[in-house]
Amino acid sequence: MKSAAENSSAPVIGIVRLPHAGDLALPAYETGGSAGMDLRAAVPEDRPLLILPGKRALVPTGLIFEIPEGFEGQVRPRSGLAYKHGITCLNTPGTIDSDYRGEVKVLLINHGDEDFYVERGMRIAQIVIASVTRAEVEERSLAGSTERGNGGFGSTGTA
Ligand SMILES: O=c1ccn([C@H]2C[C@H](O)[C@@H](COP(=O)(O)OP(=O)(O)OP(=O)(O)O)O2)c(=O)[nH]1
Ligand SMILES: [Mg+2]
């Protein structure tokens, strides 16, 4: 499989380190076929961030992403953290707009029943770069008829 660097059509994501990112590793695809690049927590080495059961926290990454127009970043949970500790992203997938120039942060929630400490450098979530279609909006007086009509929320049954 081609790496992103070998794939000439791959969008280039600019990344700017803020001072508290220090020498943390930049987001990277962990395997050749990974969809997401893992994001690391830029919390102080000597001050892990405690998330109590049922509570949430905005975790800094120390990074500004410059995503090209036509793409977005989707911040998604890591299944290992969810399975082992009940830690997930509250607003999932988080949306990183291509025109956002602030620090990317990850909103974690502790759905587990034990205290969870976010340590510096911990891989807390992953970011998937996806293309975006921007649509136009057109107001209409009537919606066209379809087989489904207004059926939803289980209207087709379960079996
Ligand atoms: O998990 C996330 C979600 C969002 N953001 C940043 C990037 C994004 O471009 C911006 C706005 O996100 P969103 O549109 O989801 O939030 P909003 O509540 O609609 O805020 P705004 O009014 O600023 O758009 O916040 C993050 O850093 N992490
Ligand atoms: Mg918004």
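Being a predicted model, the structure only gives us computed values, none of them experimental.

Q: Would you mind going over the UniProt feature "binding site: substrate" (unreviewed entry) in the protein chain with me for this structure?
A: Residues given the UniProt feature "binding site: substrate" (unreviewed entry) here are Arg78, Ser79, Gly80, Asn91, Thr95, Ile96 and Asp97. The greatest C-alpha distance among the annotated residues, which extend across 20 residues, is 26.3 Å, indicating that they are dispersed rather than converging on a single site. Among the residues just listed, Thr95 and Asp97 line the second largest pocket. Here Arg78 falls in the partly exposed class, since its relative accessible area comes to 25%. If sequence neighbours within four positions are ignored, Arg78 has contacts with Asp38, Ile87, Arg123, Ile124, Ala125 and Gln126. When you line up the elements, Ser79 lands in helix H1 (residues 79–85). Looking at Ser79, the relative accessible area reads 61%, which means it is exposed.

Q: Sorry, what's going on with the pattern of salt bridges here?
A: Pairs can form between side chains of opposite charge once their charged atoms are near each other. Counted under the stated rule, the structure contains five salt bridges. Asp38 serves as the salt-bridge partner of Arg78, at 3.8 Å between the closest nitrogen and oxygen. Taken together, the residues span a long stretch of sequence, with Arg78 in the loop between strand E6 (71–76) and H1 and Asp38 in strand E3 (residues 37–40) at a distance of 40 residues. Owing to a relative accessible area of 7%, Asp38 belongs among the buried residues under this scheme. In this structure, the salt-bridge partner of Glu66 is Arg101, at a minimum N-O distance of 4.0 Å. Here Arg101 lies in the loop between strand E8 (94–96) and strand E9 (103–110) and Glu66 lies in strand E5 (residues 56–66), a separation of 35 residues in the sequence. Classification of Glu66 by relative accessible area gives partly exposed; the value is 42%. Look at Arg101 and you get partly exposed, because its relative accessible area is 41%. A network of salt bridges, in which partner residues are shared, links Glu30, Asp38, Arg78 and Arg123.

Q: Which parts of the structure should I look at to understand unusual backbone geometry?
A: Glycine aside, residues mostly have negative phi angles, and peptide bonds mostly take the trans form. With omega at -10°, the peptide bond leading from Thr92 into Pro93 counts as cis. As for its placement among the helices and strands, Pro93 is situated in the loop between strand E7 (87–89) and E8.

Q: Looking at this model, I keep getting lost on the UniProt feature "domain: dUTPase-like" (unreviewed entry) in the protein chain. Mind explaining?
A: Taking the numbering used here, the UniProt-annotated feature "domain: dUTPase-like" (unreviewed entry) corresponds to residues 26–157. Between the C-alpha atoms that bound residues 26–157 the distance is 46 Å, and the span itself is 5% helix and 39% strand.

Q: Quick question: what am I supposed to make of the layout of surface pockets here?
A: Once rolled over the atoms, a probe with the size of a water molecule shows which space is left empty. Taken as a whole, the second largest pocket encloses approximately 220 Å³ of empty space. Around the second largest pocket, the lining residues are Glu69, Gly70, Phe71, Glu72, Thr95, Asp97, Ser98, Asp99, Val132 and Arg134. Within the lining of the second largest pocket, the residues separate by chemical class into two nonpolar, three polar and five charged.

Each value, and the rule that gives it
- Residues numbered from 1 in each chain as written.
- Chains lettered and ligands numbered in written order.
- Predicted model: local features only at pLDDT ≥ 70, side-chain atom pairs only at ≥ 80, totals over all residues.
- Heavy atoms only, no water.
- UniProt positions renumbered as here; feature names shortened; annotations may be inferred.
- 1 Å grid on protein atoms, 1.4 Å probe; cavity = no way out; pocket = protein on both sides within 12 Å on 5 of 7 lines; lining within 4 Å.
- Buried < 20%, exposed > 50% of the residue type's maximum accessible area, 1.4 Å probe, protein only.
- Contact = heavy atoms within 4.5 Å.
- Helix = DSSP H or I, 4+ residues; strand = E, 2+ residues; numbered from the N terminus.
- Salt bridge = Lys/Arg side-chain N within 4 Å of Asp/Glu carboxyl O.
- Points joined across faces, edges and corners; volume = space filled by probe spheres on them.
- Nonpolar A, V, L, I, M, F, W, Y, C, P; charged D, E, K, R; others polar.

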